[in-house]
Amino acid sequence: MNLTLLGSGYGGWVIPDWFNSSSVCYFAGVGEDITFDVEFVKRYDCEVHLFDPTPRAIKHYESVVSSANGGNLISPIPPSSKFSHYELTAQHAKKMHMHPIGLGEEGEITFYPPANLDHVSYSIVNLQETTEENAFTAKCESLRSIMQQLGHDKIDCLKLDIEGAELKVIEEIIAHDVAVEVLCVEF
């Protein structure tokens, strides 16, 4: 099996190099480094669904897509020596679909801030044991609910970088035999 590293040292993932233009991909936890997501779309020319309700993550994604359509050059945060800026074409930007929702729970859920507010990673499980000051609430849905809405019966690549909520999603995958070919998890 051939493996490949896509993305920066901070936001990159090692994956099997077997995806194609018909692959179904869900990437949960966008943050401010979408180098993996951009390289994935460029390499495999497939549709990817991004999930993150964090306002800064949404703003970063929108800036990257805007730059693909002729805007300013946008860099990942933190800066990367490999990626001084995103190189995303308008054609590939159309294959990236941002869903401003959380994954793993159902309903309006509180997202607790990181201890260092310069960081972007909010958590529904309050991973860093912070207060509700600077928290926000956002819509969250289960993996199966999202798959049903998007018309997918399997996921070829599921990336979970969701600050402690990944266990809830993994439990759902196991309990309901959700078809996931490649699972990338940050613990």
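Here goes a summary of the coordinates provided. Just so it is clear, the structure is predicted and the values come from calculations on it, not from any experiment.

Focus on the sheet that holds strand E3 (residues 25-28)
The strand order E5-E4-E3-E9-E10 describes an open sheet built from five strands, whose pairing is parallel. At either margin of the open sheet sits one strand with a lone partner, and together these are strand E5 (96-99) and strand E10 (180-185). Each strand of the sheet is rotated relative to its neighbour by a mean of 15°, with strand direction disregarded. Alignment of strand E4 (residues 48-51) against E5, held across four bridges, turns out to be parallel. Residue Phe-51 lies in a different strand from E5, and its bridge partner there is His-99. Against the sheet, helix H2 (residues 55-68) contacts E4 and E5, and its axis sits at roughly 155° relative to E5.

Brief notes about the layout of surface pockets
One number sums up the size of the largest pocket: a volume of about 630 Å³. Along the wall of the largest pocket there are 37 residues; nearest its centre are Gly-31, Val-120, Ser-121, Asp-161 and Glu-163.

Things to note about a nonpolar patch on the surface
Judged by side-chain polarity, Met-1, Leu-3, Leu-5, Val-14 and Trp-18 come together as a nonpolar surface patch covering roughly 590 Å² of accessible area. Of note, Trp-18 is situated in the loop between strand E2 (13-16) and E3.

Points about the pattern of salt bridges
Taken as a whole and judged by the stated rule, the model has seven salt bridges. Between Asp-37 and Lys-159 there is a salt bridge; the shortest N-O distance is 3.6 Å. Taken together, the residues span a long stretch of sequence, with Asp-37 in helix H1 (residues 35-44) and Lys-159 in strand E9 (residues 155-160) at a distance of 122 residues. Across the pair, exposure class does not vary: Asp-37 and Lys-159 are buried alike.

Calculation notes
Residues numbered from 1 in each chain as written. Predicted model: local features only at pLDDT ≥ 70, side-chain atom pairs only at ≥ 80, totals over all residues. Heavy atoms only, no water. Pairing = 2+ DSSP bridges. Helix = DSSP H or I, 4+ residues; strand = E, 2+ residues; numbered from the N terminus. Axes fitted to C-alpha atoms, helices over the stretch in contact; angles between N-to-C directions. Contact = heavy atoms within 4.5 Å. 1 Å grid on protein atoms, 1.4 Å probe; cavity = no way out; pocket = protein on both sides within 12 Å on 5 of 7 lines; lining within 4 Å. Points joined across faces, edges and corners; volume = space filled by probe spheres on them. Patch = residues over 30% accessible without salt bridge, like charges linked within 9 Å, V, L, I, M, F, W, Y side chains within 5 Å. Areas by Shrake-Rupley, 256 points an atom, 1.4 Å probe, with all protein chains shown as cover. Salt bridge = Lys/Arg side-chain N within 4 Å of Asp/Glu carboxyl O. Buried < 20%, exposed > 50% of the residue type's maximum accessible area, 1.4 Å probe, protein only.

Purely spatial values, then, with no claim about function.
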